[in-house]
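Examination of the molecular architecture
The primary structure of each chain is shown beneath.
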Amino acid sequence: MAKADFKNHSLPSARIKKIMKADEDVRRIAAETPVLFSRACEMFILELTCRSWAYAEENKRRRLQKNDIAQAITRTDVFDFLVYIVPEEDLREEMNANDSLLYYYVPPHVGLWARS
């Protein structure tokens, strides 16, 4: 990945800095830090979206719904930290499902990362 790719991010740096500074222990933030956090957030959103989309397609739908995101969270170990923010009714529905998608890598040329 070229250095220029890190400068083109879709999440606002000012908002990321504001969130980081909400922690009273954080006093100074290096210029590169919000850029890296932005990229990490984009990758996280992409992964959660791809997994949610897989469940929407599994249910033969072309529209992502709240329960698809709940399925992605409850059926994927790396998203265990989000289980506490999924509404309880969505969790009850999904806890009955035993199948799980394995963790997979989405190459940069797919989806949101496609560069023309």
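Structure first, text after, so check above.
Residues numbered from 1 in each chain as written. Predicted model: local features only at pLDDT ≥ 70, side-chain atom pairs only at ≥ 80, totals over all residues. Heavy atoms only, no water.

**Regarding unusual backbone geometry**
- A positive phi angle is found at K60, which is not glycine, with a value near 55 degrees.
- Counting through the fold element by element, K60 comes out in the loop between α3 (32-58) and α4 (66-75). (Helix = DSSP H or I, 4+ residues; strand = E, 2+ residues; numbered from the N terminus.)

**Brief notes about the pattern of salt bridges**
- Applying the stated rule across the entire model yields 3 salt bridges.
- Its salt-bridge partner being R51, residue E47 comes within 2.7 Å of it at the nearest N-O pair. With E47 and R51 both in helix α3 and 4 residues apart, this pair spans about one turn of that helix. Of the two residues examined, E47 and R51, each falls in the buried class.
- The residue R61 makes a salt bridge to D68 at a minimum N-O spacing of 2.6 Å. For the pair R61 and D68, one class covers both residues: buried. (Salt bridge = Lys/Arg side-chain N within 4 Å of Asp/Glu carboxyl O. Buried < 20%, exposed > 50% of the residue type's maximum accessible area, 1.4 Å probe, protein only.)

**Some points on α4**
- Extensive coverage of α4 is indicated by the burial of 7 of its 10 residues.
- Here α4 has its buried residues at D68, A70, Q71, A72, I73, T74 and R75.

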